[in-house]
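Close look at the chain arrangement
So you can see what is in the structure, the chains are spelled out below.
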Amino acid sequence: MNVRALRWASIAASLVVASRADAYCRSRTVRDVACDTFDASGCPTCGVPLFWRSRCVGFSLQQDASKQVAYDAAERAVVRGFARWSAAPCPGGTASIDARDLGPVLCSAVAYSTRAPNQNTIVFRDGTWRPDGATSNPGGLRGETIALTTTSYNTRTGELVGADMEINTAQFSFSAAGDPAPDAFDLEAVVTHEAGHFLGLAHTGDRSAVMYAGGETGRTLQRELKTDDVDAICEAYPSDGSRTVDVGVAPSGQLAATACDPEPANGLATECTANASPSCRFAPARHVGHMHATLTVIVLALFRKRRNRATMRA
Ligand SMILES: [Zn+2]
């Protein structure tokens with residue numbers, strides 16, 4: 001397997017979109033592959049864009065981190081990854097969203113509870129990649145997903161209520177040292193990309209951008225936001241504190257942010273909530289973006305086709 005040439009097929013599965021859109025797209029309440037209408041930029045137009053309403057959002061690293069990357073180093077990479085998005089230079093200031101480190105948690109599950117406290121977990125999968133997603137990724141394709149961010153949101157408004165990030169350390173090498181080996185992914189670059197998904201951004205067709213659906217081992221280039229990434233985060237979270245939403249959500253297309261409240265919905269829990277739902281199977285009006293795990297299969301199928309056909313070397 002040519003690790004160097006693998007793309008990360010994380011959330012959004014927007015390879016389909018990336019191949020259509022020249023520039024950024026925002027993640028939406030309707031998954032990309034279920035949508036066949038596009039705007040002038042090539043972005044899907046089904047559903048409404050995702051956004052966090054609060055001026056800030058909290059995240060929590062799972063306390064065990066990884067055998068490959070210790071907690072402190074992982075935490076630094078994640079903090080820096082999110083900070084890049086917050087520091088994006090928008091007209092009139094910087095993007096009006098920032099992420100707060102709420103400290104380690106015990107819970108390693110991707111889940112969301114509508115009634116009990118939650119955690120927006122960032123977890124390394126050292127043992128088995130997505131043991132809970134075995135049925136949604138048949139044929140062993142899941143092994144080719146480098147990282148995955150699963151979001152929970154209000155399906156009517158697009159307001160995000162939870163997000164969990166998983167890093168596939170079971171099958172890939174990562175480095176937090178800033179000078180990754182030829183076969184290792186730069187953790188900070190991967191986390192910066194996933195943080196974009198966490199904040200509601202989809203993939204872009206701009207191959208130089210952080211949100212491009214591909215990454216390479218041995219390089220740190222994709223750490224730094226490019227113009228396309230900046231444009232994306234500034235559209236979603238303008239410096240004036242508004243959120244750019246669908247006109248069906250707010251007639252002006254702008255919704256004022258609420259004050260910074262980094263705690264997850266219903267408060268922060270360090271342990272998993274017993275009855276939290278692991279996927280789409282829960283309350284009406286709320287929907288977990290677990291679909292992305294399923295979508296990944298489709299994207300990876302495309303990859304596989306490409307790899308079989310042409311340039312990717314084993
Ligand atoms: Zn991605």
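Residues numbered from 1 in each chain as written. Predicted model: local features only at pLDDT ≥ 70, side-chain atom pairs only at ≥ 80, totals over all residues. Heavy atoms only, no water.

On to the pairing of strand β1 (residues 56–61), then. The side chains of a regular strand alternate between the sheet's two faces. Within β1, six of the six residues are buried, which leaves the element mostly enclosed by the surrounding structure. The alternating pattern of β1 places Cys56, Gly58 and Ser60 on one face and Val57, Phe59 and Leu61 on the opposite face, and all of these are buried. Pairing analysis gives two bridges linking β1 to strand β5 (residues 121–124), with the strands arranged parallel. When the bridges of β5 are listed, Leu61 appears paired with Ile122. (Buried < 20%, exposed > 50% of the residue type's maximum accessible area, 1.4 Å probe, protein only. Helix = DSSP H or I, 4+ residues; strand = E, 2+ residues; numbered from the N terminus. Pairing = 2+ DSSP bridges.)

In this section: the packing of aromatic side chains. The full count for this structure, using the stated rule, is five aromatic pairs. With a centroid separation of 5.0 Å and 80° between ring planes, the pair formed by Phe82 and Phe198 is classed as edge-to-face. Placement of the pair is Phe82 in helix α2 (residues 71–86) and Phe198 in helix α3 (residues 187–198), with a sequence separation of 116 residues. On the basis of relative accessibility, which here comes to 2%, the residue Phe82 falls in the buried class. A relative accessible area of 0% places Phe198 in the buried class. An aromatic cluster of at least three residues, connected via ring pairs, comprises Trp52, Phe59, Phe82 and Phe198. (Phe/Tyr/Trp six-rings, centres within 6.5 Å; stacked < 30°, edge-to-face > 60°.)

Here we come to empty space enclosed by the protein. Scanning the entire structure with this criterion turns up two cavities of 30 Å³ or more. A volume near 30 Å³ is recorded for the second largest cavity. Around the second largest cavity, the lining residues are Ala111, Tyr112, Asn118, Gln119, Asn120, Ser152, Gly162, Ala163 and Asp164. With three residues, strand β7 (residues 160–167) is the largest single contributor of residues to the lining of the second largest cavity. (1 Å grid on protein atoms, 1.4 Å probe; cavity = no way out; pocket = protein on both sides within 12 Å on 5 of 7 lines; lining within 4 Å. Points joined across faces, edges and corners; volume = space filled by probe spheres on them.)

This part covers the state of the cysteines. Under the definition given, this model contains five disulfides. Covalently, Cys35 is tied to Cys46 through a disulfide, its sulfur atoms 2.1 Å apart. Around the S-S axis, the bridge from Cys35 to Cys46 shows a dihedral of about 80° and counts as right-handed. With Cys35 in the loop between α1 (15–18) and β1 and Cys46 in the loop between α1 and β1, this pair connects stretches of sequence that are 11 residues apart. Across the pair, Cys46 and Cys35 agree in class, each one buried. Between Cys56 and Cys260 runs a disulfide, and the two sulfur atoms are separated by 1.9 Å. Across the S-S bond linking Cys56 and Cys260, the dihedral sits near 85°, which makes this disulfide right-handed. Of the two residues, Cys56 sits in strand β1 while Cys260 sits in the loop between β11 (254–256) and β12 (286–288), which places them 204 residues apart along the sequence. On the basis of relative accessible area, Cys260 is assigned to the partly exposed category, the value being 33%. (Disulfide = S-S within 2.5 Å.)

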